[in-house]
Amino acid sequence: MAFLSRYLCGLIGALALSGLAGAAQAQTPCAGAAPAVGAELHGPVLHILDADHLCVAQGATPDQWVEVQLAPEPVQTTATLQPSRGSLMAVAFAQNVTCRILDQADGLPVAACRLDDQSLRGLTRQPAAYVAGQAWR
């Protein structure tokens, strides 16, 4: 009986871990092909993964959404707020952006993205974006 109990506990644990591994792999629905370095990507932001990763739609379905990592930018000395997923959601979600692909890192394009001719990274550091971002989950 003790063997059966240990076996069932081990089996339940293995199933739980395999479910977590699958969830980690399915973290992003964005499956569009990454453009080449130097290319520009235009479209609405339809998914935000965290403060550094977003998906730009090139079509209606997630297989046409391209995940990009925002390129780092120098922080202005007046900027005290760190960008967050919420501030990026407040600034960029459902907005049309233009991203220039600068590099590739870990299979993802690294891009400098702009919204209304302003740096997306810079906009996420604005106090209004930070406050609005507090409401996003």
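Details of the structure are given in the entry above.
Cut-off values and rules
Residues numbered from 1 in each chain as written. Predicted model: local features only at pLDDT ≥ 70, side-chain atom pairs only at ≥ 80, totals over all residues. Heavy atoms only, no water. Buried < 20%, exposed > 50% of the residue type's maximum accessible area, 1.4 Å probe, protein only. Helix = DSSP H or I, 4+ residues; strand = E, 2+ residues; numbered from the N terminus. Pairing = 2+ DSSP bridges. Contact = heavy atoms within 4.5 Å. Polar contact = N/O pair within 3.5 Å; in protein donor to acceptor, adjacent residues only side chain to side chain. Core = buried A, V, L, I, M, F, W, Y, C linked by side-chain atoms within 4.5 Å. Salt bridge = Lys/Arg side-chain N within 4 Å of Asp/Glu carboxyl O.

Engineer: Describe the pairing of strand 3 (residues 65-70), naming the residues involved and giving the relevant values.
Structural biologist: Within strand 3, five of the six residues are buried, which leaves the element mostly enclosed by the surrounding structure. Bridge analysis of strand 2 (residues 53-57) against strand 3 gives five bridges, and the strand direction is antiparallel. By the bridge assignment for strand 3, Ala 57 is matched with Trp 65.

Engineer: I'd like a description of the environment of Glu 67, backed by residues and values.
Structural biologist: Along the chain, the position of Glu 67 falls in strand 3. Judged by relative accessible area, which is 11%, Glu 67 ranks as buried. If near-sequence neighbours (up to four positions away) are discounted, Glu 67 is found in contact with Thr 28, Cys 30, Leu 49, His 53, Leu 54, Cys 55, Leu 108 and Pro 109. At 3.5 Å, the side chain of Glu 67 forms a polar contact with the side chain of Thr 28.

Engineer: An account of the nonpolar core is requested, with residue identities and associated values reported.
Structural biologist: Ranked by internal contacts, the top residues of the largest apolar core, which has 21 residues, are Leu 54, Val 68, Leu 88, Val 97, Cys 99, Cys 113 and Leu 120. When contributions to this core are tallied by element, the ones reaching two or more residues are strand 1 (40-48), strand 2, strand 3, helix 2 (85-92), strand 4 (96-105), strand 5 (108-115) and helix 3 (120-124). In terms of residue count, helix 2 provides more of this core than any other element does, four residues in total. In this structure, Cys 30, Leu 49, Cys 55 and Trp 65 belong to the second largest nonpolar core, which totals five residues.

Engineer: Which residues make up the pattern of salt bridges, and what values do they have?
Structural biologist: Pairing between side chains of opposite charge can happen when their charged atoms approach one another. Applying the stated criterion across every chain, the model contains three salt bridges. One salt bridge connects Glu 40 with Arg 100, and the closest N-O pair in it is separated by 3.1 Å. Highlighted residues: Glu 40 in strand 1 and Arg 100 in strand 4, separated in sequence by 60 residues. On the basis of relative accessibility, which here comes to 40%, the residue Glu 40 falls in the partly exposed class. Where Asp 52 meets Arg 121, a salt bridge forms, and the shortest distance between an N and an O atom there is 2.8 Å. On the criterion of sequence distance, the pair formed by Asp 52 in the loop between strand 1 and strand 2 and Arg 121 in helix 3 is long-range, its members being 69 residues apart.

Honestly, that's just the spatial picture; any functional story needs more than this.
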